[in-house]
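The primary structure of each chain is shown beneath.
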Amino acid sequence: QPEHLQKNWLREFYQVVHAHKPHFMALHCQEFGGKNYEASMSHVDKFVKELLSSDAMKDYNRARVYLDENYKSQEHFTALGSFYFLHESLKNIYQFDFKAKKYKKVTGKEIYSDTLESTPMLEKEKFPQDYFPECKWSRKGFIRTRWCITDCAFDLVNIHLFHDASNLIAWETSPSVYSGIRHKALGYVLDRIIDQRFEKVSYFVFGDFNFRLDAKAVVETLCAKATMQTIRAADTNEVVKLIFRESDNDRKVMLQLEKKLFDYFNQDVFRDNNGTALLEFDRELSVFKDRLYELDISFPPSYPYSEDSNQGKQYMNTRCPAWCDRILMSHSAKELILKSENDEKIVVYDHIGPNVCMGDHKPVFLSFRIAAGAGKPIANVHKCCVVQ
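Definitions and cut-offs
- Residues numbered from 1 in each chain as written.
- Predicted model: local features only at pLDDT ≥ 70, side-chain atom pairs only at ≥ 80, totals over all residues.
- Heavy atoms only, no water.
- UniProt positions renumbered as here; feature names shortened; annotations may be inferred.
- Helix = DSSP H or I, 4+ residues; strand = E, 2+ residues; numbered from the N terminus.
- Rg over C-alpha atoms; globule rule 2.2 N^0.38 Å.
- Contact = heavy atoms within 4.5 Å.
- Areas by Shrake-Rupley, 256 points an atom, 1.4 Å probe, with all protein chains shown as cover.
- Lys, Arg positive; Asp, Glu negative; His and termini not counted.
- Charge placed at Lys NZ, Arg CZ, Asp CG, Glu CD.
- Pairing = 2+ DSSP bridges.
- Axes fitted to C-alpha atoms, helices over the stretch in contact; angles between N-to-C directions.
- Phe/Tyr/Trp six-rings, centres within 6.5 Å; stacked < 30°, edge-to-face > 60°.
- Buried < 20%, exposed > 50% of the residue type's maximum accessible area, 1.4 Å probe, protein only.
- Lys NZ or Arg CZ within 6 Å of the ring centre and 35° of its normal.
- Core = buried A, V, L, I, M, F, W, Y, C linked by side-chain atoms within 4.5 Å.
- 1 Å grid on protein atoms, 1.4 Å probe; cavity = no way out; pocket = protein on both sides within 12 Å on 5 of 7 lines; lining within 4 Å.
- Points joined across faces, edges and corners; volume = space filled by probe spheres on them.
- Nonpolar A, V, L, I, M, F, W, Y, C, P; charged D, E, K, R; others polar.
- Salt bridge = Lys/Arg side-chain N within 4 Å of Asp/Glu carboxyl O.

- Where an unreviewed UniProt entry is consulted, the protein chain appears under the name inositol-polyphosphate 5-phosphatase, with the organism given as Rhinopomastus cyanomelas.
- What UniProt records for the protein chain under Sequence similarities (unreviewed entry) is the sentence "Belongs to the inositol 1,4,5-trisphosphate 5-phosphatase type I family."

Structure, rendered in structure tokens:
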């Protein structure tokens, strides 16, 4: 129901914009256009027009929109969409031209789509094919842009990493094989954005990392007192289902696990207190603790929500709920964020639409202030913000 969903999505998004009134706003989308890209393009166009012309966004007089719409190119297509909105009160905003290696003042509203390969204002890359599980092309990669505001330069990276193809395979090892693939791909992106081609600046990486909980540890914890029954395919002897039953209590089924089924009898464990009890199993970022920082998570797992418009809080029973959608930053970016002892609300890391169906992912947002001149020790500012 794209029309209904889009209405919900935009309404919730505008509420967050209204509440926080950002002067500079970056919106990163993955799987832009949905799974059936060709059929969805009319909805994409409508979405973009609505965002650029709506009443809620009327004070944003400059915008840049980058849509990877070239779905016929298997080698390049990422289905990523990056939107940037600049409030009229911001005077001097510059965007980096990666080809010319200089900053250019941002004016007007511009949309770039179809093919982004020729656009010098961004770097876009799809992961090398040998990174893809089963070596089958999907739409995973990243888009990077660089900005300079109040003498402060930073990169914004829109990222989409690999998902778990099978719950049964994810359950076999700890950490899972999929976790290793995501680790490799994220390392690839971080190495790219700090390589020698350009001056190093602070960076924010946000999107669908597809980070999952440690499946083996979660199942062993949730089903600590259960007995496991293994069901195999008659023809191949391959494991196709695991059933965990309580040892007593009439052998009640606690969890059923299949390739695309994670049916736990009590969803409240993922929702109570924002799922905090499960954060100990969110371990994929620990490998990057020296390179990436994240604010404390205080929202429930962002995926996989029911796509039934009447079930805004319900998870689908396809995967174990997890914090797939995140906003991460370099340690120098963390220093840019202005924190106030008197007002903790200056920095907010939360999700959008807690009670409303937003699709199978809940969007996640970070709102913060940057102190004027905060980037001076990091960026070569006198060069960066010369009017072009």
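## What to know about the overall build of the protein chain
Piece 1. In terms of helices and strands, the protein chain carries 8 helices and 17 strands.
Piece 2. Its C-alpha radius of gyration of 22 Å places the protein chain within 12% of the 21 Å reference for a compact globule of 388 residues.
Piece 3. Here the C-alpha coordinates of the protein chain stretch approximately 75 × 50 × 45 Å along the principal axes.
Piece 4. Long-range pairs, those at least 24 residues apart, make up 67% of the contacts in the protein chain with a sequence separation of at least 6.
Piece 5. Accessible area of the protein chain: about 18600 Å², with a carbon and sulfur share of 48%.
Piece 6. Averaged over its 53 positive side-chain charges, the protein chain has a centre that lies 4 Å from the centre of its 54 negative ones.

## Examining the sheet that holds strand β13 (residues 253-258)
Piece 1. As summarised here, the arrangement of the 4 strands in space is β11-β12-β13-β14, forming an open sheet in which the pairing is antiparallel. At either margin of the open sheet sits one strand with a lone partner, and together these are β11 (226-232) and β14 (261-264). Across the sheet, the axes of successive neighbouring strands diverge by a mean angle of 15°, strand direction being ignored.
Piece 2. Relative to β14, helix α5 (residues 215-222) is tilted by about 25°, and along the sheet it contacts β12 (239-246), β13 and β14.

## Quick notes on the packing of aromatic side chains
Piece 1. Counted by the stated rule, this structure contains 33 aromatic pairs.
Piece 2. Between Phe-24 and Trp-147, the ring centres sit 5.2 Å apart and the planes meet at 65°, which makes this aromatic pair edge-to-face. Taken together, the positions of Phe-24 in strand β1 (residues 24-29) and Trp-147 in strand β8 (residues 141-149) put the pair 123 residues apart, joining distant regions of the chain. Summarising the burial analysis for this pair, Phe-24 and Trp-147 share the class buried.
Piece 3. When the centroid spacing of 6.5 Å and the interplanar angle of 75° are considered together, the rings of Tyr-71 and Phe-77 count as edge-to-face.
Piece 4. Using a relative accessible area of 5% as the deciding quantity, one classes Phe-77 as buried.
Piece 5. Among the aromatic residues, those joined into a cluster by ring pairs are Trp-9, Phe-13, Tyr-14, Phe-32, Phe-47, Tyr-60, Phe-83 and Phe-85.
Piece 6. Over the ring of Tyr-131 we find Lys-184; its NZ or CZ atom is 4.3 Å from the centre of that ring.

## Let's talk about the nonpolar core
Piece 1. If you look at the biggest cluster of nonpolar residues, it comprises 59 residues, and the most contacted ones within it are Phe-24, Trp-147 and Phe-262.
Piece 2. The element contributing the most residues to this core is α5, with 4 residues.
Piece 3. Within the second largest apolar cluster, 30 residues are counted, among which are Val-17, Met-41, Ala-79 and Phe-83.

## Side note on empty space enclosed by the protein
Piece 1. Going through the model one piece at a time under the given rule, you end up with 1 cavity of 30 Å³ or more.
Piece 2. Looking at the largest cavity, its volume works out to about 120 Å³.
Piece 3. Along its surface, the largest cavity is lined by 13 residues, and Asp-164, Asn-167, Ala-170, Ala-215 and Cys-320 are the ones closest to its centre.
Piece 4. Every element with two or more residues in the lining of the largest cavity is listed here: α3 (167-172) and α5.
Piece 5. With 3 residues, the top contributor of residues to the lining of the largest cavity is α3.
Piece 6. Considering only residue class, the lining of the largest cavity consists of 9 nonpolar, 1 polar and 3 charged.

## Examining the side chain of Glu-69
Piece 1. By the secondary structure assignment, Glu-69 is in the loop between β2 (60-67) and β3 (81-87).
Piece 2. Notably, Glu-69 is buried but unbridged: the nearest opposite-charge side chain belongs to Lys-49, and the N-O separation is 10 Å.
Piece 3. Not counting residues up to four positions away in its chain, the partners in contact with Glu-69 are Tyr-37, Met-41, Val-44, Asp-45, Phe-77, Ser-113 and Asp-114.

## Some thoughts on the pattern of salt bridges
Piece 1. One pass over the full model with this rule turns up 22 salt bridges.
Piece 2. Residues Arg-291 and Asp-191 are paired through a salt bridge, measuring 2.8 Å at the closest nitrogen-oxygen approach. Of this pair, Arg-291 sits in the loop between α6 (268-271) and β15 (325-329) while Asp-191 sits in helix α4 (residues 177-193), and the two are 100 residues apart along the sequence.
Piece 3. Two residues, Glu-220 and Lys-216, come together in a salt bridge whose shortest N-O distance is 3.8 Å. Of this pair, Glu-220 and Lys-216 both sit in helix α5, 4 residues apart, which is roughly one turn of that helix.
Piece 4. Since its relative accessible area comes to 47%, Glu-220 is described here as partly exposed.
Piece 5. For Lys-216, a relative accessible area of 22% corresponds to the partly exposed category.
Piece 6. The network of salt bridges with shared partners includes Glu-123, Glu-125, Arg-144, Arg-146, Asp-155, Arg-192, Asp-195 and Arg-197.

## Points about the environment of Phe-77
Piece 1. Topologically, Phe-77 is positioned in the loop between β2 and β3.
Piece 2. As a C-alpha pair, Phe-77 and Lys-58 span 19 residues in sequence and 31 Å in three-dimensional space.
Piece 3. Among residues more than four places away in sequence, those in contact with Phe-77 are Tyr-37, Asp-68, Glu-69, Asn-70, Tyr-71, Lys-124, Lys-126, Ser-138 and Arg-139.

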